[in-house]
Amino acid sequence: MGIEFGREICGHLPTSEAREWLVTNGNGGYGAGTVSGMLTRRYHGLLIAALNPPLGRTLLLTKLDELVQYRGQMYPLYSDRWADGSVAPHGYREIESFHLNGSIPVWKFAIADALLEKRIWMQAGENTTYIRYTLHRARSPLSLSIKALANYRDFHGETHSGDWQMKTDIVDSGIRVRAFEGATPFYLFAEREGNNVLPKPQWEPAHTWYKDYSLSVEEYRGLADREDHLYVANLEVTLQPGNSLTLIASTVQFPSLQGGESLQQQKNRDRALLDRWYKTPYLFANEAQKNTIPDWIEQLVLASDRFIVDRTLPNEPEGKTIIAGYPWFGDWGRDTMISLPGLTLATGRPEIAKIILQTFAQYLDRGMLPNLFPDGTNSPEYNTVDAILWYFEAIRAYYMATQDINFMGELFPALEEAIEWHIRGTRYNIKVDSKDGLLYAGEIGLQLTWMDAKVDDWVVTPRIGKPIEINALWYGALVLMAHLAKELGKPSERYEAMARKAIAGFSRFWNYGMGYCYDVIDSPEGNDPSLRPNQIFAVSLPAELAKIGGSPLLLPREQKSIVDAVAQSLLTSHGLRSLSPDDPNYAGVYGGDRYQRDSHYHQGTVWGWLIGHFVQAHLHVYNNPTLAQEFLAPMEHHLKDTCVGNLSEIFDGDAPMTPRGAFAQAWTVAEVLRAWLLSR
């Protein structure tokens, strides 16, 4: 298992700087960079610590500049691009290969006849990053000089040094860096292992600002693309063949300094995740199924773990949530619930699903689930119509996998209350229309569905009225409530009657002239005939609801017509376009400044997560698992692009469908894995 590149990728700067790596720690902190070692984003760094887990993410250790001296020659192993456009040095030229060992990025540098390996990983539950160098072969000792470059800023920010003076102190076994009075300090340590180990390596403090790094991806995004970083310490080490050197960057004053043990723990964690997955009865009915799992699906199982993080509450110390995407998203209610089945149930960890459902139950308010936890505060924002509806769907998926009726009994009163709020009306004009049983939502100036782009006061896709996917989800919530009520010995007739009314009302979505569904009905401008992917949920969701007594929302010929229309105009190799290319508002390339990017976000941009529900709907209509899996095959190739071993948030609508947005997105990983398992 694994993804590997040789010099054909690593030694060519345009390809090696376009591929990124990611390590995470399970509390919101992470490290990320490019295969080339060059900084291209403000979000790159070896230690981006979650100081207020899972948020408060702060860049602490930016990078390490490694310089090797071997048999009288000097070899820089790092690469930088500067404000004048120059690249110096060209350390990427020494990279012989890059691969993922499970979740661990690994570089091999060929230095004449010497081979130096570098690995990066993080300690689970700690803001601690390990960087380990091992000299695998050499004819003589190799000298390694390492400069540590640091920062202290919000991970969305940028630094221009001015006269900023950080304080660096020597402490036992390392150094401490404090950016300013009251700032969280971080520590640098070094440990050497192997035969003939020389005295313990010691960091030497320094204080020199390196200015005007050029960040090419930020330039493309129309953001500030220049930054300064502080050279805070230097380390000089001589390695004998077989020796290892582990550098530790941490906000913990006394982290484990045993690099070899920590590395083995990380490998064991990866192995345990896969072993647990293979042993899940509801995923694998027999041994034959286990023998046909391709390597790239195992990689998705490992990738899924990077998004699951701690969110502790006073009455829920073991609380969990899901980071929507790296490098910049936090935990969003909608994204969490859409991702939950794929990241937890499809990976054989229903207990994590249960904890997440319990955690978010603490935030239910007026029948709604928060969509956003602003960075720097735990005050939730209730600004979505569908987060609570995806919560119902996540609960349904959990129940179908576990049959945990006791937990359903615990949640049922809160779910009843949520339904009641929607019947009588809650925030933002969200209310059931008594005439047709459908859910109406929206006010001018607000964006409540997943198509939520807003530029200043301009809502790009307001979708006020009755959006189709919202009502497919609303129907699903009613079916679930009716089923659970029966199982719990409670009255179910009201929910059944509401579900029947919603089915009857749903027929209003069918656009006879176009042969597919309206995207929104009863909007201020009337019914919206735009061909968008949201109607795919009217086919995919009822396919699963049938298992608990649900009925189709559309006739079989209508379901087929939807799948065919979406396949013809919206399907791409990596997901569904958010708008048909035939629409005059279609935008096929996502890029530019914030205005340009947000105005294109849902106007043609491809969304990876939608491929899951397309595959599910296609499987339901055509009952062809082999064909359904073929739609997912391009994602195997995408695992080798952008963030290696992960899947992107979005892609250009126009060929070649270049990856954009967050380079590792929870719901893309979740939905591809879930859909692949459905279509086995």
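## Some words on the sheet that holds strand E32 (residues 571-572)
And step 1. With antiparallel pairing, 5 strands are arranged side by side in an open sheet as E32-E33-E34-E35-E36. The sheet is open, and its two edges are formed by E32 and strand E36 (659-660), each paired on a single side.
And step 2. When strand E34 (residues 606-607) meets strand E35 (residues 650-651), the two strands line up antiparallel, connected through 2 bridges. Along E35, the bridge assignment pairs Val606 with Phe651.
And step 3. Relative to the sheet, helix H16 (residues 610-622) contacts E32, strand E33 (575-577) and E34, its axis offset from that of E33 by approximately 100°.

## Regarding the sheet that holds strand E27 (residues 466-467)
And step 1. Strand order in this open sheet of 3 strands is E27-E30-E31, and the pairing throughout is antiparallel. The sheet is open, and its two borders are formed by E27 and strand E31 (526-528), each paired with just one other strand.
And step 2. Relative to strand E30 (residues 520-523), E27 is paired through 2 bridges, and the arrangement is antiparallel. If you follow Pro467 over to E30, its bridge partner there is Val520.

## What to know about the nonpolar core
And step 1. In this structure, Ile111, Leu188, Trp203, Leu245, Leu247 and Tyr391 are the most contacted members of the largest nonpolar core, which totals 210 residues.
And step 2. No other element matches the 14 residues that helix H11 (residues 468-487) contributes to this core.
And step 3. Residues contacting Leu188, with those up to four places away along its chain left out, are Leu61, Ala148, Ser173, Gly174, Ile175, Trp203, Val232, Ala233, Ile248 and Ala249.
And step 4. Of all hydrophobic cores here, the second largest spans 9 residues; its members include Ile104, Trp121, Phe189 and Leu257.

## Describing the pattern of salt bridges
And step 1. If you walk through the whole model with that rule in mind, you get 41 salt bridges.
And step 2. The salt bridge partner of Glu218 is Arg42, with a shortest N-O separation of 3.4 Å. You can see Glu218 sitting in helix H3 (residues 216-220) and its partner Arg42 sitting in the loop between strand E3 (30-34) and strand E4 (45-52), a full 176 residues away along the chain. Each member of the pair, Glu218 as well as Arg42, carries the same accessibility label: buried.
And step 3. If you follow the salt bridges from partner to partner, you end up with Asp433, Asp436, Lys466, Arg508 and Asp522 in one network.

Cut-off values and rules
- Residues numbered from 1 in each chain as written.
- Predicted model: local features only at pLDDT ≥ 70, side-chain atom pairs only at ≥ 80, totals over all residues.
- Heavy atoms only, no water.
- Pairing = 2+ DSSP bridges.
- Helix = DSSP H or I, 4+ residues; strand = E, 2+ residues; numbered from the N terminus.
- Contact = heavy atoms within 4.5 Å.
- Axes fitted to C-alpha atoms, helices over the stretch in contact; angles between N-to-C directions.
- Core = buried A, V, L, I, M, F, W, Y, C linked by side-chain atoms within 4.5 Å.
- Buried < 20%, exposed > 50% of the residue type's maximum accessible area, 1.4 Å probe, protein only.
- Salt bridge = Lys/Arg side-chain N within 4 Å of Asp/Glu carboxyl O.

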